[in-house]
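So the chains spell out like this:
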Amino acid sequence: MSEMGDLQSLASSIRAVASPLRNYLTDLHHKYQGLNEGAVADYIPELALAQPEWFGICVVTQEGQVFEVGNCDQLFTIQSISKAFVFGLALEDHGRDYVNCKVSVEPTGDAFNSIILDETTNRPYNPMVNAGAIATTDLIQGKNGTERLKRVLEMFQRYTGRAHDINVPVFMSEKATGYRNRAMSYLMLNFGMVSEKIDETLDLYFQQCSIMVNARDLAMLSATLANGGINPVTKERALDERYVQDVVSVMLTCGMYDASGEWAYRVGMPAKSGVGGGITAVVPGQLGIGTFSPLLDAKGNSIRGIKVCEDLATDFGLHLFNAATPKHNLQEWISGSGDDDW
Amino acid sequence: MPKVIAIHSYRGGTGKSNFTANLATSVALQGHRVGVVDTDLPSPGIHILFGLEPEQTRQTLNHYLWGETPIEETIHDVSAQVGVEGAGKLLLVPSSVKADDIARILKHGYDVKLMNDGFRALVKAHQLDYLFIDTHPGLSKETFLSIAISHILILILRPDKQDYQGTAVTIDVARQLNVRKMLLAINKVYSSLNLEALKQKVEETYSETVAGVFPLAEEVVQLASEGVFCAKYPDHEVSQKFCNLAQQLIEG
């Protein structure tokens, strides 16, 4: 990088630290840090190790500015958030028509782990429920399990700009106790919706859920989608531009488990959550939000994460269908030309 | 609205801490609540001017940056030392002068975000009207931050070729950081020089305003940091100049 490039990049990171938007996020963090409702997921022991006070908020803009507050370096497992992105990779591997005939895109009011398929087509309801995610995972190409996993990890690296590891204890626990997912896979095999390499596919499914990320990674994932599939910092393409709309629209309708309708109405940002405590939310053409707080509500969504997204949507008018003048102008708050409340 | 004023110079020895102490005192003497933060963590010194002895310092900026204490508790009220009374207040956040503490900061660094959050918390908690940031000379992450968050940046230079070049670099950086307002102050000027001509020349060179030209006064040197000059000699020409600059900040 040239001398000027380094100055610009350092100046940009310092401007982000000093910007009114980060000050706003700091206040949000402070506002919800004391919110101790909900519970840490404990269906496997490794998840129960998460500290309830962990709380990170990160926003990455389409221009690649990064605003972060709190525990943005703390790693946790991505869990269901991976489903949206693996769906994108399956689309790249096979095209829309083929993927659509294996998995529907219809929201379901049922829980994420329900054993339920569309009765006429035998397809799982959508790629965000476990059955649908296993079916899309089945579609990931590669000559063996190792190569398929490598392709998934490389895809996440294109989105986040850094290499990711698998949390092996989480993977082993999920694999050892995943009877329900195994049963669902055989049911789908019975209907010819997945291939016979069930053990390999389930391993890949459990592995992709056990990928370690932090709040900044989640913001990069959604900022990349917001930026048409190109990582706004590294400028690398992570997803074919034709399939950005597929991934983002399914996030909007199905991303928040069986609270997706309420979320679309109240927050109006396509988003995906995971029981590790993460939420990644897309504001198309503007920014990506990543939040991390392991305290979950009954539906499996991070309580503080929901609050943060709700406040951001309301204060900056980020709801997809918002037509009213927002309380704060986002661009002014990013650039620092807006009023900051010293 | 509270104002944050960063005082910086590219090179050391420009009289930055003395300048900050005098300017902050002048503003506080006019009845304002003023905070001064010594962010010169590698070589702190401004506490000396306010008569704060190491044994009197409790918590410092270092302790805040290590997460050991809220920033509000690092405040030392030095109003009485400089004769600030009534509504005015002069509150100092010192840096630690213990060699171990300095080494710890140099070795492990700190999160520059904390500095920003601390400044804001401080202004809120103590309802400050003005926050002065005394910086470490040269360019570093923390000086970048101080420049980026300040409402007014005051760059101090001496009439010296090394200072001239370094100031040009600093001005480039400040513009890159979208600094809101920048003022230059020329310090330690020999009385034989034509002050007005010097001011004009510097303004032409950098296309920035020179807010004050401060002569090298023997009395300032004699005081040798045993106090804040303008509190001890309020009628001196130099003190008057600080008064004028304080007035510019308050009105500007």
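Residues numbered from 1 in each chain as written. Chains lettered and ligands numbered in written order. Predicted model: local features only at pLDDT ≥ 70, side-chain atom pairs only at ≥ 80, totals over all residues.

Draft legend 1. Up close: the overall build of chain B. In terms of helices and strands, chain B carries 11 helices and 8 strands. For a compact globule of 252 residues, the expected C-alpha radius of gyration is about 18 Å, and chain B comes in at 17 Å, within 12% of that figure. Dimensions of chain B along its principal axes, counting C-alpha atoms only, are 50 × 40 × 35 Å. Pairs at least 24 residues apart make up 77% of the contacts formed inside chain B by residues separated by at least 6 positions. (Helix = DSSP H or I, 4+ residues; strand = E, 2+ residues; numbered from the N terminus. Rg over C-alpha atoms; globule rule 2.2 N^0.38 Å. Contact = placed C-beta atoms within 7 Å.)

Draft legend 2. Local environment of the overall build of chain A. Secondary structure summary: chain A contains 14 helices and 9 strands in total. Rg of the C-alpha trace for chain A: 19 Å, near the compact-globule value of 20 Å for 342 residues, within the 12% margin. In chain A, which comprises 342 residues, the proportion classed as buried is 51%. The long-range share in chain A, meaning contacts at least 24 apart out of those at least 6 apart in sequence, stands at 68%. (Buried ≥ 20, exposed ≤ 12 C-beta atoms within 10 Å, placed from the backbone.)

Draft legend 3. Broad picture of the environment of I75 of chain B. Residues and elements named next belong to chain B. Summarising the element assignment, I75 is placed in the loop between α3 (61–65) and β3 (76–77). Look at I75 and you get partly exposed, because 19 C-beta atoms sit within 10 Å. As a C-alpha pair, I75 and T60 span 15 residues in sequence and 7.9 Å in three-dimensional space. In contact with I75, other than residues within four places in its own chain, are L91, V93 and H126.

Draft legend 4. Local environment of the interface of chain A and chain B. Each partner contributes to the interface: chain A provides 12 residues, whereas chain B provides 17 residues. If you list the elements that add at least two residues to the side of chain A that touches chain B, you get α1 (3–18) and α2 (20–33) of chain A. The element best represented in the side of chain A that touches chain B is α1 of chain A, accounting for 8 residues. The residue inventory of the side of chain A that touches chain B, partitioned by class, reads 7 nonpolar, 4 polar and 1 charged. (Nonpolar A, V, L, I, M, F, W, Y, C, P; charged D, E, K, R; others polar.)

Draft legend 5. Fine view of the environment of D134 of chain B. All names here are of chain B. With respect to the element layout, D134 can be found in strand β5 (residues 130–134). Taking the C-beta count within 10 Å as the criterion, D134 has 26 such neighbours and is therefore assigned buried. Taking the C-alpha atoms as reference points, D134 and F229, separated by 95 residues in sequence, lie 17 Å from one another. Setting aside residues up to four positions removed in sequence, D134 forms contacts with I7, K16, S17, T20, V36, V37, D38, T39, D40 and I46.

Draft legend 6. Seen up close, the sheet that holds strand β4 (residues 89–93) of chain B. Residues and elements named next belong to chain B. In spatial order, the strands read β3-β4-β2-β5-β1-β6-β7-β8; together these 8 strands make up an open sheet with mixed pairing. The sheet terminates laterally at β3 and β8 (209–215), the two strands that pair on one side only. Note that strand β6 (residues 152–157) and strand β7 (residues 182–189) share 5 bridges and pair parallel. If you follow L157 over to β7, its bridge partner there is I186. Helix α1 (residues 16–29) contacts β1 (3–8), β2 (33–38), β4, β5, β6 and β7 of the sheet and is inclined by roughly 170° relative to β5. (Pairing = 2+ DSSP bridges. Axes fitted to C-alpha atoms, helices over the stretch in contact; angles between N-to-C directions.)

Draft legend 7. Summary view of the sheet that holds strand β8 (residues 287–292) of chain A. All names here are of chain A. The strand order β3-β2-β8-β7-β6 describes an open sheet built from 5 strands, whose pairing is antiparallel. Of all strands in the sheet, those with a lone pairing partner are β3 (66–70) and β6 (271–273), marking the two edges. Pairwise comparison of adjacent strand axes, ignoring direction, gives a mean angle of 10° for this sheet. One ladder, built from 5 bridges, connects strand β2 (residues 56–61) with β3; its direction is antiparallel. Residue pairing in the sheet places C58 in a bridge with E68 of β3. On top of the sheet, helix α10 (residues 215–226) reaches β2, β3, β7 (278–283) and β8; it is set at about 155° to β8, its chief contact. In the packing of helix α13 (residues 303–316) onto the sheet, the strands contacted are β2, β6, β7 and β8, and the crossing angle to β8 comes to about 150°.

Draft legend 8. View of the nonpolar core. The biggest cluster of nonpolar side chains holds 171 residues, and the ones touching the most others in it are C309 of chain A together with L131, F132 and I154 of chain B. Each of domain 1 (19–79 + 211–335) and domain 2 (82–209) of chain A gives at least three residues to this core. Sequence-distant contacts of F132 of chain B, defined by excluding residues within four places in its chain, comprise I5, I7, T20, L23, A24, V34, G35 and V36 of chain B. (Core = buried A, V, L, I, M, F, W, Y, C linked by C-beta atoms within 7 Å. Domains from an automatic or database assignment.)

Draft legend 9. Fine view of the packing of α1 of chain B against helix α11 (residues 237–251) of chain B. Residues and elements named next belong to chain B. The interhelical angle for the contact between α1 and α11, taken along N-to-C directions, is 65°, at an axis separation of 9 Å. Crossing geometry of α1 relative to α11 is assigned as right-handed. Contacts between α1 and α11 pair N22, L23, S26 and V27 from the former with F242, C243, L245, A246, L249 and I250 from the latter. Here the residues of the contact of α1 with α11 are counted per class, giving 8 nonpolar, 2 polar and no charged. (Left-handed = near helix turned anticlockwise from the far one by under 90°.)

Draft legend 10. Representation of the pairing of β8 of chain B in the model. Pairing of β7 of chain B with β8 of chain B, which is carried by 5 bridges, proceeds in the parallel orientation. Of the residues in β8 of chain B, the one forming a bridge with L184 of chain B is V210 of chain B.

Draft legend 11. Region of the structure containing helix α11 (residues 244–254) of chain A. Residue and element names in this part refer to chain A. When you tally the buried positions in α11, you get 8 out of 11 residues, the bulk of the element. Of the residues making up α11, those classed as buried are V244, D246, V247, V248, V250, M251, L252 and C254. Buried residues belonging to α11 abut α3 (81–94), α4 (96–102), α10, α12 (260–266), β6 and β7.

Draft legend 12. Broad picture of unusual backbone geometry. Residue and element names in this part refer to chain A. In this model, K235 sits at a positive phi of 65°, which is unusual for a non-glycine residue. Position of K235 among the secondary structure elements: in the loop between α10 and α11. Residues other than glycine seldom take positive phi values, yet Y257 does so here, at roughly 55°. As for its position among the elements, Y257 is in the loop between α11 and α12.

Draft legend 13. Spatial organisation of the domain arrangement of chain A. All names here are of chain A. As far as domains go, chain A holds domain 1 (19–79 + 211–335) and domain 2 (82–209). A C-alpha centroid distance of 22 Å is found between domain 1 and domain 2. At the junction of the two partners, domain 1 supplies 33 residues and domain 2 supplies 35 residues. Only β5 (212–213), α10 and α11 provide two or more residues apiece to the side of domain 1 that touches domain 2. Counting residues per element, the side of domain 1 that touches domain 2 draws most heavily on α11, which supplies 6 residues.

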